[in-house]
Amino acid sequence: MIPAATNVSEVRTAMVPWREAGETVAFVPTMGALHRGHMALISNAKKMAKRVVASIFVNPTQFAPNEDLTKYPRRLEEDKKLLAEAGCDLLYAPSAENMYPAGFATVIDPGPIATVLEGIFRPTHFRGVATVVVKLLLQILPDAALFGEKDYQQLLVIRQVVRDLNLPIHIIGVPIVRDADGLALSSRNVYLSPADRQHALTLPRTLKETAAAIQAGRDIGIALANGMAQLVDAGFSVDYLDLVNAATLMSTRTFDAPARLLAAGFIGTTRLIDNMEVG
Ligand code: PAJ
């Protein structure tokens, strides 16, 4: 069984012997319902530090009132087994009351990087993410923390906040893990019926084809319009499909700096996001 801490003093106490022995610590924050994408973060963490801490906390402040907070999958017992098997040293699973006690008021606002793309459709989302991640980082004080490129904008938001607040923590991005059929692994994929899942496969396929068209020198506006049409044909209600500068996330119609395609949309009531490098 994996040792588990449920509040900040427990997690800090559990880490005292590691600190005294001068051991390095890598941290993987999650909302649980763990899958191979999360496990890739854990295995990368194990390669880079002596000790690995994972957190599981379904953070209420990053969900809007109309979103899936109450039905978000929770599988703590299975998650604990997966973490133990992967050689994770400590699980931190605080309660909402511990993270946000009565009177909690401080909010981290990451600025412009949080207002584009996801920020347009989920205007309070990254404030919630940034606030909880800064809290977790300060509670645990790891040497490094790992985040998936699956949530590419989130990764850039975290880099921004860590840089701005001088947190002495290396932020490591880990490539997207996909199922054999191409769909990016996500805890939310369990919401998809088998038919929805077939339609959902159009998302990675469209990103791949659009990236290939752009790389082949096709007009970027036309490539994006074709991609959008393909998603709509498959039943997606598309929030966005855009080519952006990979560092600033600003929309671009030229392909001279490192660029990335980012997309989000609904299949039925399930919202999916995905992205791909345009190399
Ligand atoms: P969650 O969605 O559980 O994801 C936890 C971490 O796993 C994130 O860094 C995410 O990018 C990564 N991840 C998820 N699916 C992945 C995949 N298919 N391939 C690679 N990495 C993947 O992201 C969150 O939780 C929360 O916003 C959190 C950062 C924990 C703050 O509450």
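Only a predicted model underlies this, so the values are computations on that prediction, with no experimental measurement involved.

Participant: Please clarify how the overall build of the protein should be interpreted in this entry.
Facilitator: From N to C terminus, the protein includes 10 helices and 9 strands. By the burial criterion, 54% of the 279 residues in the protein qualify as buried. Long-range pairs, those at least 24 residues apart, make up 72% of the contacts in the protein with a sequence separation of at least 6. Accessible surface computed for the protein: about 12800 Å², of which carbon and sulfur atoms make up 56%. Positive and negative side-chain charges of the protein, numbering 27 and 28 respectively, have mean locations separated by a distance of 2 Å.

Participant: What is the right way to look at the sheet that holds strand E5 (residues 144-148) in this model?
Facilitator: By definition, the strands of a sheet pair up through backbone hydrogen bonds, in either a parallel or an antiparallel sense. With parallel pairing, the 6 strands of this open sheet are ordered in space as E1-E4-E3-E2-E5-E6. In this open sheet, the two edge strands, each paired with only one partner strand, are strand E1 (4-5) and strand E6 (170-174). Across 6 bridges, the pairing between strand E2 (residues 25-30) and strand E3 (residues 51-56) is parallel. Each residue of the ladder has a partner; that of valine 28, found in E3, is alanine 54. Those strands touched by helix H6 (residues 125-140) are E2, E3, strand E4 (90-92) and E5, and its axis lies near 150 degrees from that of E2. Helix H7 (residues 152-164) contacts E5 and E6 of the sheet and is inclined by roughly 170 degrees relative to E6.

Participant: Where do I start with the layout of surface pockets in this structure?
Facilitator: In this approach the atoms are scanned with a rolling probe the size of a water molecule, which exposes any empty space left behind. The volume enclosed by the second largest pocket comes to roughly 220 Å³. Forming the boundary of the second largest pocket are 14 residues, of which Ile56, Phe57, Val58, Arg74 and Pro94 lie nearest the centre. Split into classes, the residues belonging to the lining of the second largest pocket amount to 9 nonpolar, 2 polar and 3 charged.

Participant: Is there a simple way to explain empty space enclosed by the protein in this structure?
Facilitator: Under the definition given, this model contains 1 cavity of 30 Å³ or more. The space that makes up the largest cavity amounts to roughly 50 Å³. For the largest cavity, the full set of lining residues is Lys150, Leu183, Ala184, Ser186, Asn189, Leu203, Leu272, Ile273 and Asp274. It is strand E9 (residues 270-278) that provides the largest number of residues to the lining of the largest cavity, a total of 3 residues. In terms of residue class, the lining of the largest cavity is built from 5 nonpolar, 2 polar and 2 charged.

Participant: Would you explain the domain arrangement of the protein in this entry?
Facilitator: Frequently, the measure chosen for interface size is the accessible area removed from exposure when the parts meet. Parsing the protein into structural domains produces domain 1 (4-174) and domain 2 (187-278). Between domain 1 and domain 2 lies a buried interface of about 1900 Å² when both sides are counted; carbon and sulfur atoms form 56% of it. Applying the counting criterion to the domain 1 and domain 2 interface returns 3 salt bridges. The salt bridge involving glutamate 118 is made with arginine 271; its shortest N-O contact spans 2.8 Å.

Participant: Is there a simple way to think about the environment of glutamate 149 in this case?
Facilitator: Structurally, the position occupied by glutamate 149 is in the loop between E5 and H7. With near-sequence residues (within four places) excluded, glutamate 149 lies in contact with Leu155, Val174, Pro175, Ile176, Arg260 and Asn275.

Participant: Is there a simple way to explain the site of the ligand in this structure?
Facilitator: In the neighbourhood of the ligand, 20 residues make up the surrounding shell, with Gln62, Asp151, Gln154, Val177 and Leu185 lying closest. At 2.9 Å, a backbone N or O of glycine 148 approaches an oxygen atom of the ligand. One nitrogen or oxygen atom from the side chain of glutamine 154 is found 2.7 Å from an oxygen atom belonging to the ligand. When the free accessible area of the ligand is taken as 630 Å², the share hidden by the protein chains comes to 95%. In terms of residues, the shell around the ligand owes the most to one element, helix H2 (residues 36-48), which gives 3 residues.

Participant: Would you take a moment to explain the packing of H6 against H7 for this structure?
Facilitator: Two quantities define a packed helix pair, namely the angle between the axes and the distance from one axis to the other. It is the contact of H6 with H7, at a shortest axis distance of 10 Å, that shows an interaxial angle of 55 degrees. By the angle class used here, H6 and H7 are oblique. Handedness of the H6/H7 crossing: right-handed. Contacts between H6 and H7 involve Phe126, Val129, Ala130, Val133, Val134 and Leu137 from the former and Gln153, Gln154, Val157, Ile158, Val161 and Val162 from the latter.

Participant: Looking at this structure, how should I read the side chain of serine 55?
Facilitator: Structurally, serine 55 can be placed in strand E3. For serine 55, a relative accessible area of 0% puts it in the buried group. Contact partners of serine 55, with chain neighbours within four places excluded, come to Phe27, Val28, Pro29, Thr30, Leu91, Tyr92 and Leu136.

Participant: I tried to follow the side chain of asparagine 59 on my own but got confused; where do I start?
Facilitator: Within the secondary structure, asparagine 59 is located in the loop between E3 and helix H3 (76-85). Relative accessible area serves as the criterion here: at 1%, asparagine 59 is assigned to the buried category. When near neighbours in sequence (up to four residues on either side) are disregarded, asparagine 59 contacts Met31, Tyr100, Gly128, Val129 and Val132.

Reading the values: the criteria
Residues numbered from 1 in each chain as written. Predicted model: local features only at pLDDT ≥ 70, side-chain atom pairs only at ≥ 80, totals over all residues. Heavy atoms only, no water. Helix = DSSP H or I, 4+ residues; strand = E, 2+ residues; numbered from the N terminus. Buried < 20%, exposed > 50% of the residue type's maximum accessible area, 1.4 Å probe, protein only. Contact = heavy atoms within 4.5 Å. Areas by Shrake-Rupley, 256 points an atom, 1.4 Å probe, with all protein chains shown as cover. Lys, Arg positive; Asp, Glu negative; His and termini not counted. Charge placed at Lys NZ, Arg CZ, Asp CG, Glu CD. Pairing = 2+ DSSP bridges. Axes fitted to C-alpha atoms, helices over the stretch in contact; angles between N-to-C directions. 1 Å grid on protein atoms, 1.4 Å probe; cavity = no way out; pocket = protein on both sides within 12 Å on 5 of 7 lines; lining within 4 Å. Points joined across faces, edges and corners; volume = space filled by probe spheres on them. Nonpolar A, V, L, I, M, F, W, Y, C, P; charged D, E, K, R; others polar. Domains from an automatic or database assignment. Buried area = accessible area lost by both parts, 1.4 Å probe. Salt bridge = Lys/Arg side-chain N within 4 Å of Asp/Glu carboxyl O. Near = heavy atom within 4 Å. Polar contact = N/O pair within 3.5 Å; in protein donor to acceptor, adjacent residues only side chain to side chain. Parallel < 35°, antiparallel > 145°, perpendicular 65-115°, else oblique. Left-handed = near helix turned anticlockwise from the far one by under 90°.

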